Amino acid sequence: MRIQGLLHRLVLVTAFISGSIIICHFAMALAGGAPSVVRAAARSDVPATSPADRPWMNQSLGAEERANLLIPEMTLDEKIALMHGVNRIKGDAVSGYDVEFPSIGYVGYVPSNKRLGIPALRLADGRAGVGNKAENVTLLPAPIAAASAWDTNLIEEFGRVLGQEQWEKGTNVALGPSIDVVRVPEWGRSFESYGEDPFFNGRMAAAEIKGIQSQGPIADANMYLTMNQESDRFREDSVVDERTMEEIYLPPFEASVRDGHVGTFMCAYVKTNGVYSCENADVLQHMLREQLKFDGWVMSDWGATHSTVDCANNGLDQQMPDDVYFGVALKKAVDAGQVSSATIDEHVRRILVPMFRQGLFDKEQPGNWKTNVRDPKHDQFSRMVSEQGTILLKNEQSILPLPTTASIAVIGEAGHAKPKVEGGGSSAVIAPYVVSPFDGIRKRVEAGTNVTYADGSDLGAAAKTAAAAQIAIVVVHTDETEGSDRPNLHLPGNQDQMISAVAQANKHVIVVLDTGGPVLMPWADNVAGIIEAWYPGQEDGNSLAAILYGDFNPSAKLPLTFPRSGDAIPTASKEQWPGVGGRSIYSEKLNVGYRWYDATNTEPLFPFGFGLSYTTFRVGHFALDQQTISSGALESGAKLQVTVDVTNTGKRAGAEVVQVYIGHPAANGEPPHRLGAFGKIELQPGETKPVTVSVDATAIRIFNTDRHGWEIPIGTYEILAGTSSRDLPLKGAITIQ
Ligand code: BGC
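Keep in mind the model is a prediction, meaning the values are calculated, not measured. (Residues numbered from 1 in each chain as written. Predicted model: local features only at pLDDT ≥ 70, side-chain atom pairs only at ≥ 80, totals over all residues. Heavy atoms only, no water.)

Asks: Please provide a residue-by-residue account of the state of the cysteines, values included.
Replies: Considering all chains together, one arrives at one disulfide under this definition. At a sulfur-sulfur separation of 2.1 Å, the disulfide partner of Cys 267 is Cys 278. Judged by the sign of its S-S torsion, about 110°, the bond between Cys 267 and Cys 278 is right-handed. Here the residue Cys 267 occupies a position in strand 6 (residues 264-267), and Cys 278 occupies one in the loop between strand 8 (275-276) and helix 10 (281-291), the gap between them amounting to 11 residues. Across the pair, Cys 278 and Cys 267 agree in class, each one buried. (Disulfide = S-S within 2.5 Å. Helix = DSSP H or I, 4+ residues; strand = E, 2+ residues; numbered from the N terminus. Buried < 20%, exposed > 50% of the residue type's maximum accessible area, 1.4 Å probe, protein only.)

As structure tokens, this is what we get:
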């Protein structure tokens, strides 16, 4: 009691002190000294009130403490108002909140509470730029392209650019990144994700979240959990065993909490093992809260809330975008004793803690939805990401890089008539401009060099145009979008025929793929070059020209496998995808992505981790810093250091990605090997440098379903290193005791 009384007094004193600081800043501001405070005072959603009345405004207190000071001051209506978005038309039915839904923009909105100074939440989509039809923003390449650089610094910067534009648009909750593992190659949202490896996705997710949150907004990683297909997505039941869930689908979310300190997650449309994600106690309470110790909030995907009592009691903190279940209905459920006030307080605490932690109560936010947030540096960055993320898959007889004097025929709709620079759905962005491949190439060739174009709708005309040029560049695309999976992995329309027709007319064909995931390439042997440029963003043609003419030496690697045929994939049966009777059975278990190709000895077209360069590299001198290590040491944070020397054996400067994979003892029941670490290095011609990467417990551990916990079984593990999942010439072993 005494301690509590003391604490209370301390809080008041601190509040008073910070109050006088604010008043004195205010006086300075009037004299022209601190304009930011004047702007803060002019904010419409947080009125100036004596800070002594609001001890939770004391910035020297921790987020948790501040939330705990605020919650007892809130009425039930005010708490419930924080637990849902407001509907544009109806407004908020329950609370005394000031409903001021902006007439434009944000896809989600929680009004401010003026009485208590709780700022409004303004939510906007953004995976490759600010979405929801925002204007004057930067269109970045799709996240799958950014991830292909295998560079966590790049993806962190990607998050910073995105976060900055969101913040300047007035957004304080940025809906992204999408971090689910790509299980089904036809998945309509694979372009939004980072690829098929859980460890890799976790590294990328944490880095991007850090980048976004460093600029102001709270990041919202989605979609939690087992959201791996679009087919039947509002009802589909993902049937997954415990070990697979823990080892394959949970790790990106775990890394988002542990390393990314993410503020919110979005629960998914689908069911996981029979229960909708947003009311699934196993997924929300057990895994997210107890196991991952996540202390932020979970909001529902738009329309993914299906109940009041179950959602509220099983872990959903906030319904989006409206109040159908978490408005009047929730209040009734509390009044009826079906949801306790302690549960409500807990939900509110989880929302408030990241808001305090991220400084939303303390910072002024510049700009609004109409602000022009473009920046020439972001245009440059968009181009750079596209260059860094473009993968050279085939380069027969070093046809690339091209001489700038060779005449070029650009073929295909995406080559000029309709550049395919982004995926569809909620991540769609209004590009400020798009440089088509044709325009990018035309700008880059020597003056007087012929560059012609045919859109490919007429195969005869396409072949004729190709025949008249020295080099034919065929740009093909897929139309991937949230809401539907691709029916199969073929290029849509007549594009396969178009490539074949062009390949018959010209021996020097380079195919450029603008896709968000893998496609089949029945023509692969008949073309000289293949480039995966993904959905490259607004700088499409400029970044492609930089690759084609060698201004940038490609160094990206596939973050997912390209199969040889539509049957030779991990999810080939209907039971697995799109599911039968509303259920998709994850019967491939741990064999997701390359794990399946390795486990079943299936030759992919291009393996996970693969990508060429205009130079060549040699790896050697493999060294482990220890031969034995105890599982206990690993569990308490010890790491295994793996060093590999990389030599640039070619004639150009370039970058290589060293990949380290772990091969488990057979008794562990793991696929042949799984990615455990990676590191990228730039080398001048002839230069050799060591790359040291560290492997930690999370890259080795397996999930024990008897004990329902992680373990690192003793035994001898193979450590493999190389430059793709199927090119691992270096081997060593570590004994875990
Ligand atoms: C998507 C989310 C998105 C939300 C709001 C949903 O359809 O699944 O990723 O954030 O819409 O636009």
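On we go from here.
Asks: Residue-level account of the nonpolar core, with values.
Replies: Leu 352, Met 355, Leu 513 and Met 521 are the most contacted members of the largest nonpolar core, which totals 172 residues. In this structure Met 521 touches Leu 393, Leu 513, Ile 530, Phe 562, Leu 605 and Phe 606, once residues within four positions along its chain are discounted. Listed in part, the 28 residues of the second largest apolar core include Ile 408, Ala 414, Val 445 and Ile 531. (Core = buried A, V, L, I, M, F, W, Y, C linked by side-chain atoms within 4.5 Å. Contact = heavy atoms within 4.5 Å.)

Asks: An account of the packing of helix 7 (residues 198-214) against helix 9 (residues 251-258) is needed here, citing residue identities and associated values.
Replies: With their axes 8 Å apart at the nearest point, helix 7 and helix 9 run at an angle of 30° to one another. In this structure, helix 7 meets helix 9 at a crossing whose hand is right-handed. Residues Pro 198, Asn 201, Gly 202, Ala 205, Ala 206 and Ile 209 of helix 7 pack against Pro 251, Pro 252, Ala 255 and Ser 256 of helix 9. Taken together, the residues that form the contact of helix 7 with helix 9 break down as seven nonpolar, three polar and no charged. (Axes fitted to C-alpha atoms, helices over the stretch in contact; angles between N-to-C directions. Left-handed = near helix turned anticlockwise from the far one by under 90°. Nonpolar A, V, L, I, M, F, W, Y, C, P; charged D, E, K, R; others polar.)

Asks: Go over the site of the ligand with me, naming the residues and quoting the values.
Replies: By nearness alone, 13 residues border the ligand, and Asp 125, Arg 189, Tyr 269, Asp 301 and Glu 482 come closest of all. Take Arg 189: an N or O atom from its side chain is 2.8 Å from an oxygen atom of the ligand. Calculation on the ligand without its partners gives an accessible area of 310 Å², and the protein chains cover 92% of this total. (Near = heavy atom within 4 Å. Polar contact = N/O pair within 3.5 Å; in protein donor to acceptor, adjacent residues only side chain to side chain. Areas by Shrake-Rupley, 256 points an atom, 1.4 Å probe, with all protein chains shown as cover.)

Asks: Break down helix 13 (residues 341-357) for me, citing the residues and quoting the values.
Replies: The terminal C-alpha atoms of helix 13 lie 24 Å apart, and with 17 residues this matches the ideal 24 Å at 1.5 Å per residue to within 8%. If you check which residues of helix 13 are buried, you get Ile 344, His 347, Val 348, Arg 349, Arg 350, Ile 351, Leu 352, Val 353, Pro 354, Met 355 and Phe 356. Just downstream of helix 13 lies Gly 359, where phi reads positive at about 85°. (Expected span 1.5 Å × (residues − 1).)

Asks: Hey, could you go over the sheet that holds strand 20 (residues 654-663) for me, with residue numbers and the actual values?
Replies: Taken in spatial order, the five strands line up as 18-26-25-20-21 in an open sheet, and their pairing is mixed. Either end of the sheet is taken by a strand with one partner, and the two such strands are strand 18 (628-629) and strand 21 (674-683). Bridging between strand 20 and strand 21 involves nine bridges; their strand directions are antiparallel. Directly across from Val 658, in strand 21, lies its bridge partner Gly 679. (Pairing = 2+ DSSP bridges.)

Asks: Tell me about the sheet that holds strand 16 (residues 583-585), and please be specific about residues and values.
Replies: Pairing within the open sheet is mixed, and its four strands lie in the order 8-7-5-16. Lying at the two open borders of the sheet, with one neighbouring strand each, are strand 8 and strand 16. Summarising the sheet, strand 7 (residues 271-272) and strand 8 pair through two bridges and their orientation is antiparallel. Note on strand 8: the bridge partner recorded for Thr 272 is Val 275.

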